[in-house]
Every structure is written in structure tokens, then in C-alpha cells.
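# Architecture at a glance
Next come the chains, spelled out residue by residue.
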Amino acid sequence: MYQYTDFDRQFVRTRAEQYRDQLQRHLAGQLGEDEFRPLRLQNGWYLMRHAPMLRVAVPYGELSSAQVRVLARIARDYDQPAHAVFQDAVAAQSRLGEIQLRDGRAIGSRLSTGYAHFTTRQNVQFNWIPLARSADVMDLLASVNMHGIQTSGSCIRNITTDALAGIAVDEVADPRPWAEILRQWSTLHPEFAFLPRKFKIAISGAHEDRAASAWHDIGLRLRRNGQGALGFQVLVGGGMGRTPVIASTLRDFLPRDQLLNYVEAVVRVYNRWGRRDNKYKARIKILVKAEGQRFVDEVEEEYRQIVEVDGAPHTLSAAEFERVNVSFVPPALRSGRKTVDAKVFLILQATAEHDLEFGRWLQRNVRPHQDPSLRAVTLSFKRLGQAPGDATADQLDAVAALAERYSAGELRVTHEQNLLLPWVRCDQLAELWREARQLGLAKPNIGLLSDMIACPGGDFCDLANARSIPLAEAIQQRYQDLDELHDLGEIDLHISGCINSCGHHHSGHIGILGVDKDGREWYQLTLGGSDGTRLSGAPVPGKVIGPSFSAHEVPDVLEAVLEVYREQRLSAETFIDTLRRVGLEPFKAAANLARHVLEAPETALA
Amino acid sequence: MKLLAAHQHISRPEGLHVLELANDADPRELALEGVDRIDLHFPSFTDGRAHSQAFLLRRRLGYAGEIRATGDVLADQLPLLARNGFSHAVLRADQDLVVAERQLARFRSHYQGDAVQPRPRFAQLSR
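These figures come from a predicted structure and were not determined experimentally.

## A few points about the overall build of chain A
- Check the secondary structure of chain A and you find 20 helices and 23 strands.
- A globule of 606 residues ought to have a C-alpha radius of gyration of about 25 Å, and chain A, at 24 Å, matches this closely.
- Principal-axis analysis of the C-alpha atoms places the extent of chain A at approximately 80 × 65 × 50 Å.
- In chain A, buried positions account for 54% of the 606 residues.
- Of all intrachain contacts in chain A linking residues separated by at least 6 positions in sequence, the fraction that spans at least 24 positions is 69%.

Now the structure itself:
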């Protein structure tokens, strides 16, 4: 992990002091809501449907056990609204009704407090902290080198990457030092604090793109050129929202020391040219689409001037790269037992063959590692009774202890809203599995249908048109059978409560989008989207399959779609491959037949 | 950075060559010879275009005269203005001067270079 310097620590503390000053002036009536809003947003504080929401920055998803314990403390002591606030929220959510399932069960909102939520951008959110206590929380975060800097607002947001960064077997180079260098450069950048809209950067360092690079405002992919030099493919102008766009390639190979100079050029052109008259047309993707080659030429000219006129002051020196990079050396683990590891793994395999569940866990939740004696283990936060990516204070404490015992005190928040332990010894896998299972975090469903992505949706978010969490719960309930889940295989199911697409529905093999029709919750289904991973293929938005469905139709429609897959698949073909081979039509037809209005007469005939 | 109250701001002082630049204009197209002052406007403090204009004037074009921020200029954005090369700021009428000075004094240094200190922190350290 990156090791904070005295300067870094002081910087975060100063930021917390600055925020306290702003909050106090706001609470004293000296700083109006319009003036305070952008300031609190750039520290991660939103005002949501029922209460404030805090988004804590987790740079490229990396957390230490000590940080997770502080997150647990915040969940336990601060994520606690006044009684009346919570009662009002419960009442408001119950008015939205329940999803009636075919088997007679009904699923509604089940609000709770005292927990953290992992986001698709590898950050952590809290939903109930009273604003008056927000400055105390920032102090607490600063005590473990954490903050909410630029987790919201029209500025450069937290840099995301692959959760397997620095350990993936298919890695060209570790993206974390580059993410850290970009984090420092973008932190409180004076020129880019009020861009036309938010700006998201992702970096992938592996052959497989697990960072959804092409869906970002800037996507960076580390690669080597013919001479073996390291550089970046630079993608610009990707994004989801109302207009899903796959990023365009501006540079096939940018020399690595030019990263900051080139990103500065892109962001400056965006700041000057990006639309500010219409929120939905303000992202850089619209500018890239509208201006095309003119945008590319302007960026290249700006970059040339940065280099030739300004003297390229942000050219990265080898010394600075080394200073940052040295933080990311693999941890020294307690015992080097490499010689026996091969044997241990054989024993593990034998055990796995006898114990089906452990075998499945090894298959789904355990990934290979650059160090052959180690593995990366994903703890599943997709289980019944808790929303996708939610962790209570006790669970956070338990996970911090697990990471200390089995993963050198380090964890990663994944894009799929789980936690990953990056440094697990092969000979401790069985032990870790038993402990994780006791905590309910060893469900062997990583990458499967029930490992779905879902935004907080209409249970919390002010922007949402419909709820995501009860729908996720309904699907989770229907697909509990592990035999069935494993038979269905790898499927990306992504749920967003509105067109802002925080649940990434555009990139799901199956995407569900909440829409508002006459004040009621409806859901649009998209099929065939891809985030750009090997499984999913070239990045592409999914296609809508007809008019939206009511909440209680969605589980049946999903089942119908999956039934088509089961009927049509060839041997070991995945869902997305079958869909691409046979086309949308059979899926669309089955989905439409599953509409309840159509089902009623059929039932009568039967 | 010099802070001015709204009443201290004279938009067209006699004997001074002042340019008022709309925030969508490209400062690189200006003739800067003999210009004493350039006023850059913030229609709203959340519209950040004038920040890039100031950077380009001060750093790219080497303009050494006064760069003045006008419009929706608030205490909490002053540190940005100062770092982007503004030399003067006309505070919105309701802004408190004490609060404004406090914000300017808060951060002693930053990570990235800017119009005033072009070298990023890492380049300053390695010198």
C-alpha cells in the first residue's frame, strides 16, 4: 500500500480543518446552502432522500485493517440517525409498497443503520450520519490517512483500477503507483475544481481490462511498445448515463513519463470547451462526440504547448516514480514455505474434491497470484438479508481481523462491491474459508448471477426513479440454489435505480434500469452489455428489449431469459456467448411472454 | 493576492488599459501589449472556465500585469484563484474579509504545480 508521508498526513488534516470551518459557517447561517453544497460535495457529503450520505475515498480500492476498523467505528458510532429521521424514512419507504413474488412472498424496503456500503468505484459510503457530526467523522478518517476529497462534485474523482492490481498473473505493470501519482496530481488541483461535470479516470495494468477503462472519462491501459518501453494507451470520452458512449483512443502509446502532462491537456480542453448549459450534455463524452477530430487536434495542440511553452513541469522523474513505487512492494509474509506449497495445494485439491462447497469456493472466490505460493481471495458481500455491498460494523471489524491474519493487513474494495484479500497463503486457504464461512462471507458465487451489482437506488438516493435493493433481494431469494447458479455460470447482472447508471446497467450482460411511470416503479431490461473483460468481450452498451416491466414481473422475466439460455446454449457456452450467437430475439420474445398481463389468460386456459 | 470590496472595483478606470474577457474567450487570441489589467468574470463560482483563462494568461503567455476576478467571487474559492495567477479578487458584496484571509492562509503547499509555482512538489523536492 502507499505509505503516507508527513506531508500527506498534514494535507489530509488541513483538509479536515478546512471542512470544519466551512461546516461551522454553514450551521451558523453564514454560508448559504448554494455556496456550501459544492464544498461539502467535494468532501463526499451529499444530502439524500432521508439523511446525509458520506462517500469516503478509497484510492484505487486499497484499505488497511486499521482503516477498516475506523470505518467500523464510524458505522457503529456515527451512522446512527435521530429516531424521528429513521422513523420518517421507514414510513416513506413502506409507502412505496412491496414486490409481490409469484410464490406469495412480498419484498419491500428494509432499512437499517450502522453499516458501510462498497461502491462500484471502489469507495465506501455511509447513509445516516447527521451533518452536524460530519466534521468529527472527517477528523476520525484523517487519523488513518483517509478523507472524502473529490468523491463528489464536478472535479476529478477517485482513480479506480483492477482489484487484482499488483498481483494479477496477466499484468503488464502494476497500475497502483500510477493511480497514486494521478491521485496526488488531481488532489485539490486549482484549475480543475469546477469542471463542467464530474470526471472519472480508471487505470488497468493487465492484458485483460478489469477496470472498465473504456467506460471512463479517461481510461488508461498500461502497455509496452516494440522497444519494451512502458506507456499508456489513452482512451477519452467514455461514460454511461443517458447517453452510453465507449471511449475513443487518443493515443495508442503515450510514454509513461508524459502521463500528467497529457491528462492536463485533456482536462484543460474539457474545462474550456465542455458544455455548461445542460447537465446531461456536460460530460466529456458529449464533447468528444460533438467535436470529433477537432477535439483530438485541440488536445494534441494543448499538449504540445504544455511541453514546448510551459516546459512540461509535470514530466515524471524516475526518482519520483521510484519514491511512490517503493510503497507497493509485496509484503514480507510471516513464513516462506514455498517448497511445501505445491504439496499443500495438492492436499487442498483433494480436500476440495471431497467437500463440494469448499471446492466451489476455490473455483469461484480464489484467484491465481503472481506469487505462486499466494492466492487472491474474494469475500462475497452478496447474500440474503443484506443489500449488495453492505457490511455492518461487526462485519467490518471481523474482516479487518481476517485481513490481519491472512492477508498482511490489506484488503481491496472491488468494482463488483465485494472485498478482496490480496495476499493469502495457499496453505491457509482452508482455514480462511472456515472463518469466512462462519462470518457468512464465503458464498461461492463470485462472478455468478447472484454476485450482482446494485446501486443504493430509491431506498436512499435522491435521483433514483425506482428501488434497486428490494429487487436485488427478490433475485437473490429466487437464485439461492448453488447447483443452479453454477449451472447458469458467469453472468454480469447490473441494476441501476435511474439513468445516472451508478449500478452500471449499460455494461451488464443483463442490465436492469429503474424508470418512473406515473409515480410508480418500473424497470427496463437491457441485454448484451459488456464492461470490456475477457468474459464479456469488447465494451458495448446493452440493448433495451422493449417496454419496461413492473417490479413484480422482473424476477419472472429474468427467469424466462435464463431459460432461453439454458435451452439454446452449446455445451459449456456462457450466457453472453449464447446471447451473441443466437441474437436478442428469442430472449426478447421470452421476456415479453413473461409479462403478467399476458400470463393471466394463459393461466386461465391451463 | 489583493482582496477588494465591491465598491473598490472600478470597471473602466481612466488612464488604464483594461480588458474585460468573457469566460468563453481564448486568451491566446488577445493582443497583450500595453494591457494593464485583465478582468476575468465568474458568472457563478461553479463555472471554472476563468481558472483556465488565468492559468493560460499568467503561465502560457507570461502576462505580468494585473489579473482580476470579478462576479461570483467567494471566500472559499480564493486559494484556487491565487494559485491560478489571479493577483486581485473583487469579493461578492456579502463576503467576510476575515473569513477570506483565513482561507488564503490555510494550505502551505500543494502536490501539483500551478501558475505561481509551476513545479509540482516532487520536482521541487528533487532539486
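## A closer look at the environment of Ala393 of chain A
- Of note, Ala393 of chain A is situated in helix H13 (residues 393–406).
- If near-sequence neighbours (up to four positions away) are discounted, Ala393 of chain A is found in contact with Ala72, Ala75, Arg76, Gly114 and Tyr115 of chain A.

## Observations regarding the domain arrangement of chain A
All names here are of chain A.
- Taken as a whole, chain A is organised into domain 1 (6–142), domain 2 (167–327), domain 3 (338–438) and domain 4 (453–605).
- On a C-alpha basis, the centres of domain 3 and domain 4 stand 29 Å from each other.
- Of the residues lining the interface, six residues belong to domain 3; the matching set on domain 4 comes to nine residues.
- For the side of domain 3 that touches domain 4, a count of residues per class yields three nonpolar, one polar and two charged.

## Let's talk about the sheet that holds strand S14 (residues 374–379) of chain A
Residues and elements named next belong to chain A.
- The strand order across the open sheet built from five strands is S3-S16-S17-S14-S13, with neighbouring strands paired in antiparallel fashion. Edge positions in the open sheet fall to strand S3 (62–64) and strand S13 (366–367), since each of these has one partner strand only.
- Where S3 meets strand S16 (residues 410–413), three bridges bridge the pair, whose relative direction is antiparallel. Pairing of Ser64 across the sheet is with Glu410, part of S16.

## Let's talk about the pairing of strand S3 (residues 37–42) of chain B
Residue and element names in this part refer to chain B.
- Bridge count for strand S2 (residues 18–21) against S3 is four bridges, and the pairing is parallel. Paired with Leu21 across the two strands is Leu40, which belongs to S3.
- Note that S3 and strand S4 (residues 66–71) share six bridges and pair parallel. Each bridged residue has a counterpart across the sheet, and for Leu40 the counterpart in S4 is Ala69.

## A word on unusual backbone geometry
All names here are of chain A.
- With a phi close to 55°, Leu188 is a non-glycine residue in the positive phi region.
- Positionally, Leu188 belongs in the loop between helix H6 (176–186) and strand S9 (201–204).
- Look at Leu188 and you get buried, because 22 C-beta atoms sit within 10 Å.
- Notably, Ala212 is not glycine yet its phi reads approximately 50°, a positive angle.
- Structurally, Ala212 is set in the loop between S9 and strand S10 (218–224).

## Thoughts on the interface of chain A and chain B
- With 29 residues of chain A at the interface, the matching set in chain B holds 28 residues.
- Those elements giving two or more residues to the side of chain A that touches chain B turn out to be helix H1 (6–27), helix H2 (33–41), H6, helix H7 (259–273) and helix H10 (318–325) of chain A.
- Here the side of chain A that touches chain B gets four residues from one element, more than from any other, and that element is H1 of chain A.
- When grouped by side-chain class, the residues that make up the side of chain A that touches chain B number 11 nonpolar, 10 polar and eight charged.

## Regarding the packing of H1 of chain A against helix H5 (residues 134–142) of chain A
Residues and elements named next belong to chain A.
- At a closest axis distance of 9 Å, the pairing of H1 and H5 adopts a crossing angle of 180°. As judged from the angle between their axes, H1 and H5 are roughly antiparallel. Only Ser134, Ala135, Met138, Asp139 and Ala142 of H5 make contact with H1, whose side of the interface consists of Val12, Arg13, Ala16, Tyr19, Arg20 and Leu23.
- Partitioned by chemical class, the residues of the contact of H1 with H5 number seven nonpolar, one polar and three charged.

## Thoughts on the pairing of strand S19 (residues 493–496) of chain A
Residue and element names in this part refer to chain A.
- Here S19 shows a buried face lined by Leu493 and Ile495 and a second buried face lined by His494 and Ser496.
- When strand S18 (residues 453–454) meets S19, the two strands line up parallel, connected through two bridges. In the strand pairing of S19, Ala454 is matched with Ile495.

## Some thoughts on the nonpolar core
Residue and element names in this part refer to chain A.
- In terms of nonpolar packing, the biggest core is built from 197 residues, with Val266, Leu396, Val399 and Leu421 touching the most fellow members.
- Of the residues forming this core, the biggest block, nine residues, is contributed by H7.
- Among all residues touching Val266, those that are not within four sequence positions of it are Ile218, Val236 and Val299.

## Some points on the sheet that holds strand S11 (residues 230–236) of chain A
Residue and element names in this part refer to chain A.
- The mixed open sheet is built from five strands, whose spatial order is S8-S9-S10-S11-S12. Each end of this open sheet is capped by a strand with a single partner; those strands are strand S8 (160–161) and strand S12 (248–255).
- Of the strand pairs in this sheet, S10 and S11 are connected by seven bridges, and their pairing is antiparallel. When the bridges of S11 are listed, Leu222 appears paired with Phe232.
- Most of the contacts of H7 go to S11, to which it runs at about 10°, and overall it touches S10, S11 and S12.

## Focus: the packing of helix H17 (residues 554–568) of chain A against helix H19 (residues 585–593) of chain A
Residue and element names in this part refer to chain A.
- The N-to-C vectors of H17 and H19 enclose an angle of 140°; their axes lie 8 Å apart at closest approach. When the axes of H17 and H19 are compared, the crossing they make is right-handed. From H17, Val557, Ala560, Val561, Glu563, Val564 and Gln568 reach across to H19, where they touch Pro586, Phe587, Ala590, Ala591 and Leu593.
- When the residues that make up the contact of H17 with H19 are grouped by side-chain class, the tally is nine nonpolar, one polar and one charged.

Conventions we followed
- Residues numbered from 1 in each chain as written.
- Chains lettered and ligands numbered in written order.
- Predicted model: local features only at pLDDT ≥ 70, side-chain atom pairs only at ≥ 80, totals over all residues.
- Helix = DSSP H or I, 4+ residues; strand = E, 2+ residues; numbered from the N terminus.
- Rg over C-alpha atoms; globule rule 2.2 N^0.38 Å.
- Buried ≥ 20, exposed ≤ 12 C-beta atoms within 10 Å, placed from the backbone.
- Contact = placed C-beta atoms within 7 Å.
- Domains from an automatic or database assignment.
- Nonpolar A, V, L, I, M, F, W, Y, C, P; charged D, E, K, R; others polar.
- Pairing = 2+ DSSP bridges.
- Axes fitted to C-alpha atoms, helices over the stretch in contact; angles between N-to-C directions.
- Parallel < 35°, antiparallel > 145°, perpendicular 65-115°, else oblique.
- Core = buried A, V, L, I, M, F, W, Y, C linked by C-beta atoms within 7 Å.
- Left-handed = near helix turned anticlockwise from the far one by under 90°.

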